[in-house]
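As a plain string of letters, each chain reads:
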Amino acid sequence: MTTSATSGTGPADPTGPTENSMRRALKRARDGVALDVAEAAVLLQARGRHLDALTASAARVRDAGLEAAGRPGVITYSKSVFVPLTRLCRDKCHYCTFVTVPGKLRRAGHGMFMSPDEVLDIARKGAALGCKEALITLGDKPEERWPEAREWLDAHGYDDTIAYVRAISIRILEETGLLPHLNPGVMTWTDFQRLKPVAPSMGMMLETTATRLWSEPGGPHHGSPDKEPAVRLRVLEDAGRSSVPFTSGILIGIGETYEERAESLFALRKVSRAYHGIQELIIQNFRAKPDTAMRGMPDAELDELVATVAVARHIMGPAACLQAPPNLVDAEYERLIGAGIDDWGGVSPLTIDHVNPERPWPQIDELAAKSRTAGFELRERLCVYPEFVRRGEPWLDPRLRPHMAALADPATGLAREDATVEGHPWQEPDEVFTATGRTDLHATIDTEGRTSDRRDDFDEVYGDWGALREAAAPGMAPERIDTDVRAALATAADDPTRLTDDEALALLHADGPALDALCKVADDVRRSVVGDDVTYIVTRNINFTNVCYTGCRFCAFAQRRTDADAYTLSLDQVADRAQQAWEVGAVEVCMQGGIHPDLPGTAYFDIARAVKERVPGMHVHAFSPMEVVNGATRTGMSIREWLSAAKEAGLDSIPGTAAEILDDEVRWILTKGKLPTATWIEVVETAHELGIRSSSTMMYGHVDQPRHWLGHLRTLAGIQQRTGGFTEFVTLPFIHTNAPVYLAGIARPGPTLRDNRAVTAMARLLLHPHIRNIQTSWVKLGTEGAAEMLRSGANDLGGTLMEETISRMAGSSYGSYKSVKDLIAVADAAGRPAKPRTTLYGPVPEERRRAARDSDGHLPQLLPVLD
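Residues numbered from 1 in each chain as written. Predicted model: local features only at pLDDT ≥ 70, side-chain atom pairs only at ≥ 80, totals over all residues. Heavy atoms only, no water.

Explain the overall build of the chain to me, please; I cannot follow it from the model alone.
Each helix and strand counted, the chain has 35 helices and 21 strands in total. In terms of C-alpha radius of gyration, the chain reaches 29 Å, essentially the compact-globule figure of 29 Å for 867 residues. Its C-alpha atoms give the chain principal-axis dimensions of about 85 × 60 × 55 Å. Buried residues in the chain amount to 63% of all 867 residues. Contacts spanning at least 24 positions in sequence make up 78% of the contacts within the chain whose residues lie at least 6 apart. (Helix = DSSP H or I, 4+ residues; strand = E, 2+ residues; numbered from the N terminus. Rg over C-alpha atoms; globule rule 2.2 N^0.38 Å. Buried < 20%, exposed > 50% of the residue type's maximum accessible area, 1.4 Å probe, protein only. Contact = heavy atoms within 4.5 Å.)

See the structure below:
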């Protein structure tokens, strides 16, 4: 089969597909057989009767999707206003007239950004005309190229452009009632967390995956850092991980080949399958503009656009929503409908299309008439598509509920065309800390267990399991290790800091006598660094809520608010549990919870303050890096500002959890929406700089390999060398029993004893001399397993816990509480003395020791705290 390798900007090349290859591809499309890239490239060149056949089958696919969605014969649009928040950009796309320079803005009497008054004036006028969407479009990161943009942001009190986008979105919601749809260009994972509470949908065109159009001089995207295809695909993935309804699409006719165009569509399908978050795909045809480097490039012809729409429909399937901008065709609306679109995009009765200012929007009445001629009823939707309106959480932030409820038809998810568009307060949900649900779970998990082994949304909430299996397979392939283990052991015994990566990797694979020798070396290093004392802490875990929609695939703790095992504690209950712990000798409470959608970013301050007010002497060890980022993004504060405020409220140290494996190759298989590696590092290093110490952790034994453990430990050692802020390293063996990623047949059933010994020993050696304390987890390994780790380089047993629901919900069978006597017995089994410690590994005051001794063994009666 041959396909044209020439640009897809004109008619099919004579050397293009043969008649036989076209007929074969058309038949596969007609029969609903999955196409590959080569077949799609053939179909992109269909013309004449072949194009008629292609569009006919694409229309049937579209019609089946509309029927299944409950809106047969309906084509949608969004009544919107276009807000060009800034026309400054750091990129230099060769076809763009939207972007300008500071001098031109000044000469025209404009600021570097639209002022809030200018934005709100447009939004209010739009609301008066019945518009419901504010399409906020702007250039990428203008402050990184233009000092004038940086000066404007500084003068108006914004750290960056995203901060202004967030602030103006809140004002639009509160003062006009329009729903912001945000197009700020390339965003980071953290940017999505910052913007999700203020906008029901966002978007960014992929445009193309043809890297050469970005990397080669003369290409349309050359000199534009934000147009690198890999960067833009990462944005689409981060949107999916963040459960943001996202609009994307391709721009055709900019010099790509048919194969490259097909590859772009398949890349979009891959992201859509993995995260179910692409709400619509725009197929946009290139239109040459004067005063641009590509002014001489021919426009993408209508047949090109029609064929691409039809192929996109076949690739994306019946459930996809496809849009083609109606102002970029010359009233040939029926042909686009016939090719398989089901949406016209945003159409404004007020503002121009600032990206294509020479192409006016059609009148809505005209669009309705043309749609009716083609047999379709034109219906208004919101900026977020009906499927996502009906899905609700986690796709729509609870802060947007009143704004959505005012405009959406709850039955269809479409816009209520008779809705009054008016502002509503944007605020945190009320009564977050009302005790709800199974608040005795910490006590009954050991006796009654969990209600079921999985959530009933198991097949949807975590993304596409099939795509995940494909992604996981390469990382789980075993490695061949050729390095001499004996030589590596000699290096470790002589000076662990001299271990090369190859030597370390060989030792991480050690087994049999070599593993025994490795553990002895590690134990010798442990003895020389911290002595023989086995330390432990009298502490209480308080998991203040298990309601969470992050989508971690290893977690069996997270519940939806409606699930039978879901709960949230009140502030009084949190303080009661802290007081109980103090009365029985605790020196620390460790507090973590799910990422509850109703939890305001300031709630964490309230939790820390509640404990400190009730028990001033208690050390508050709380809030994982994921919770820190959640708090910061919901308040609009920087991570540094948020941590400073948390410290002032009573936070003393943070757990270094949410690390899992600090390698995004593994993280994005383990979790759908948790923070990426770079952000975890940023949180921890910022905390250390502020004098907030932390633990460090690694969860292993799932879809990882020893090379990932090595990278993780090297990363932690590097952080410790820079900050000195880690108190210990905690090994966290994966508990597989109820973990979704295991139930889906992707992860292995936790680490072996060999894995546990090797990880503990190598943690001691690779973190030496930077992190002195290596902790083993009795709740995950049990008494015998923990004792074995104490003989393999560990020196700390962690805490009494008093309550523990996270590992227990996952299926751990080792209980939720160990008395001091129990912990001493573990140390005895390893042939070592035991000694209590504080969070920072200091001595425990005698008064605390005495309280712990007097209460030891009687603790379980004190656990339940119920209304």
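There's plenty left to go through after this.
What should I look at first to understand the packing of aromatic side chains in this one?
Within a pair of aromatic rings, the relevant descriptors are the distance that separates the centres and the angle that separates the planes. Counted under the stated rule, the structure contains 15 aromatic pairs. Aromatic rings pair up to connect Phe544, Tyr604, Phe605, Phe623 and Trp642 into one cluster. Against the face of tryptophan 668 rests arginine 241, its NZ or CZ located 3.7 Å from the ring centre. In this arrangement the basic side chain of arginine 391 is found over the ring face of tryptophan 395, its NZ or CZ atom lying 5.1 Å from the centre. (Phe/Tyr/Trp six-rings, centres within 6.5 Å; stacked < 30°, edge-to-face > 60°. Lys NZ or Arg CZ within 6 Å of the ring centre and 35° of its normal.)

Honestly, the confidence of the model for the chain in this entry has me stumped. Any pointers?
Low pLDDT marks regions whose predicted coordinates should not be analysed in detail. Of the residues in the chain, 90% reach a pLDDT of 70 or more, and the chain-wide mean stands at 90. Between residues 810-814, whose pLDDT stays under 50, and residues either more than four places distant or in other chains, the model counts 19 contacts. (pLDDT = per-residue confidence, 0-100.)

How should unusual backbone geometry be read in this particular structure?
Negative phi values dominate among residues other than glycine, just as trans dominates among peptide bonds. Note that the residue after glutamate 393, namely proline 394, is joined by a cis bond; omega there is 5°. Secondary-structure assignment places proline 394 in the loop between helix 15 (386-391) and helix 16 (401-407). Put simply, histidine 768 and proline 769 share a cis peptide bond, and its omega is -5°. Looking at the secondary structure, you find proline 769 in the loop between helix 31 (753-766) and strand 19 (774-775). Its identity as a non-glycine residue notwithstanding, glutamate 207 has a phi of 75°, on the positive side. Taking relative accessible area as the criterion, glutamate 207 reaches 10% and is therefore assigned buried. The phi torsion at phenylalanine 623 lies on the positive side, around 75°, for a residue other than glycine. In this fold, phenylalanine 623 is placed in the loop between strand 15 (619-622) and helix 25 (625-635).

In this structure, what is going on with the nonpolar core? I would like to understand it.
If you look at soluble globular proteins, the nonpolar side chains tend to sit buried side by side. With 127 residues, the main nonpolar core has Met591, Phe623 and Trp680 as its most contacted residues. What methionine 591 contacts, discounting residues up to four positions off in sequence, is Ile542, Phe544, Val574, Ile607, Ala608, Val611, Val620, His621, Ala622 and Phe623. Judged by nonpolar contacts, the second largest core, of 125 residues, contains Leu43, Ile162, Leu236 and Ile341. (Core = buried A, V, L, I, M, F, W, Y, C linked by side-chain atoms within 4.5 Å.)

What exactly am I supposed to notice about the pattern of salt bridges here?
For side chains bearing opposite charge, pairing can occur when the charged atoms are close. Considering all chains together, one arrives at 60 salt bridges under this definition. For the salt bridge of glutamate 280 with arginine 381, the shortest nitrogen-to-oxygen distance reads 3.7 Å. Taken as a pair, glutamate 280 in strand 6 (residues 278-285) and arginine 381 in strand 9 (residues 377-381) lie far apart in primary sequence, 101 residues in all. An identical accessibility class is assigned to glutamate 280 and arginine 381; each is buried. Measuring nitrogen to oxygen at the nearest pair gives 3.1 Å for the salt bridge that ties lysine 674 to glutamate 660. Here the residue lysine 674 occupies a position in the loop between helix 27 (664-670) and helix 28 (677-689), and glutamate 660 occupies one in the loop between strand 16 (653-654) and helix 27, the gap between them amounting to 14 residues. (Salt bridge = Lys/Arg side-chain N within 4 Å of Asp/Glu carboxyl O.)

It is not clear to me how the packing of helix 22 (residues 512-530) against helix 31 should be interpreted in this structure. Could you clarify?
Packed helix pairs are specified by the crossing angle of their axes together with the interaxial distance, meaning the distance between the axes. One way to put it is that helix 22 packs onto helix 31 with a least axis distance of 9 Å and a crossing angle of 40°. With respect to helix 31, the element helix 22 is oriented oblique. Pair helix 22 / helix 31 crosses with left-handed handedness. From helix 22, Leu515, Asp516, Leu518, Cys519, Val521, Ala522, Val525, Arg526, Val529 and Val530 reach across to helix 31, where they touch Arg754, Arg757, Ala758, Ala761, Met762, Arg764 and Leu765. Among the residues making up the contact of helix 22 with helix 31, the classes are represented as 12 nonpolar, no polar and 5 charged. (Axes fitted to C-alpha atoms, helices over the stretch in contact; angles between N-to-C directions. Parallel < 35°, antiparallel > 145°, perpendicular 65-115°, else oblique. Left-handed = near helix turned anticlockwise from the far one by under 90°. Nonpolar A, V, L, I, M, F, W, Y, C, P; charged D, E, K, R; others polar.)

It is not clear to me how the state of the cysteines should be interpreted in this structure. Could you clarify?
What makes a disulfide is a covalent bond joining the sulfur atoms belonging to two cysteines. All told, the structure shown has 0 disulfides when counted by the stated rule. Free cysteine cysteine 93: the closest other cysteine sulfur is in cysteine 96, separated by 6.1 Å. For cysteine 93, a relative accessible area of 16% corresponds to the buried category. Free cysteine: cysteine 131, not disulfide-bonded; nearest cysteine sulfur from cysteine 383 at 12 Å. (Disulfide = S-S within 2.5 Å.)

Would you explain the side chain of asparagine 630 in this entry?
Turning to its location among the elements, asparagine 630 is positioned in helix 25. What makes asparagine 630 buried here is its relative accessible area of 8%. Once residues within four sequence positions are removed from consideration, asparagine 630 is found in contact with Ile595 and Tyr604.

Before we go on, may I ask you to explain helix 25 in this structure?
Since one α-helical turn is 3.6 residues long, residues separated by three or four positions face the same way. Within helix 25, 10 of the 11 residues are buried, leaving the element largely enclosed by the surrounding structure. Contacts from the buried residues of helix 25 go to helix 7 (161-175), helix 8 (189-195), strand 14 (588-592), helix 24 (603-614), helix 26 (639-649) and helix 28. Just past helix 25, the residue glycine 636 takes up positive phi, approximately 80°.

How should the packing of helix 23 (residues 571-583) against helix 24 be read in this particular structure?
The N-to-C vectors of helix 23 and helix 24 enclose an angle of 45°; their axes lie 9 Å apart at closest approach. What the angle tells us is that helix 23 and helix 24 run oblique. With respect to the hand of their crossing, helix 23 and helix 24 are arranged in right-handed fashion. On helix 24, the residues that touch Leu571, Asp572, Val574, Ala575, Asp576, Ala578 and Gln579 of helix 23 are Asp606, Ile607, Ala610, Val611 and Arg614. Across the contact of helix 23 with helix 24, the residue classes break down as 7 nonpolar, 1 polar and 4 charged.

Teacher, can you tell me more about the pairing of strand 12 (residues 539-543) here?
Here is the key point about a regular strand: its side chains alternate between the two faces of the sheet. Of all 5 residues in strand 12, 5 are buried, a share of seventy percent or more. With 5 bridges connecting them, strand 12 and strand 14 associate as parallel partners. Residue pairing in the sheet places isoleucine 542 in a bridge with methionine 591 of strand 14. (Pairing = 2+ DSSP bridges.)

Whenever I open this one, the environment of glutamate 260 confuses me. Can you help?
Assignment of secondary structure puts glutamate 260 in helix 11 (residues 258-275). In the structure, glutamate 260 is positioned 223 residues away from valine 37 in sequence and 8.9 Å away in space, judged by C-alpha atoms. With residues near it in sequence (within four places) discarded, glutamate 260 still touches Thr209, Ala210, Arg212 and Gly255. Within polar-contact distance, the side chain of glutamate 260 engages the side chain of arginine 212 at 2.7 Å. (Polar contact = N/O pair within 3.5 Å; in protein donor to acceptor, adjacent residues only side chain to side chain.)

Would you take a moment to explain the environment of alanine 564 for this structure?
Position of alanine 564 relative to the elements: it lies in the loop between strand 12 and strand 13 (567-568). C-alpha of alanine 564 to C-alpha of alanine 488: the two residues are 76 residues apart in sequence and 52 Å apart in space.

It is not clear to me how the environment of arginine 273 should be interpreted in this structure. Could you clarify?
The residue arginine 273 is located in helix 11 in this model. Sequence spacing of arginine 273 and tryptophan 465 is 192 residues, and the spatial spacing of their C-alpha atoms is 9.3 Å.

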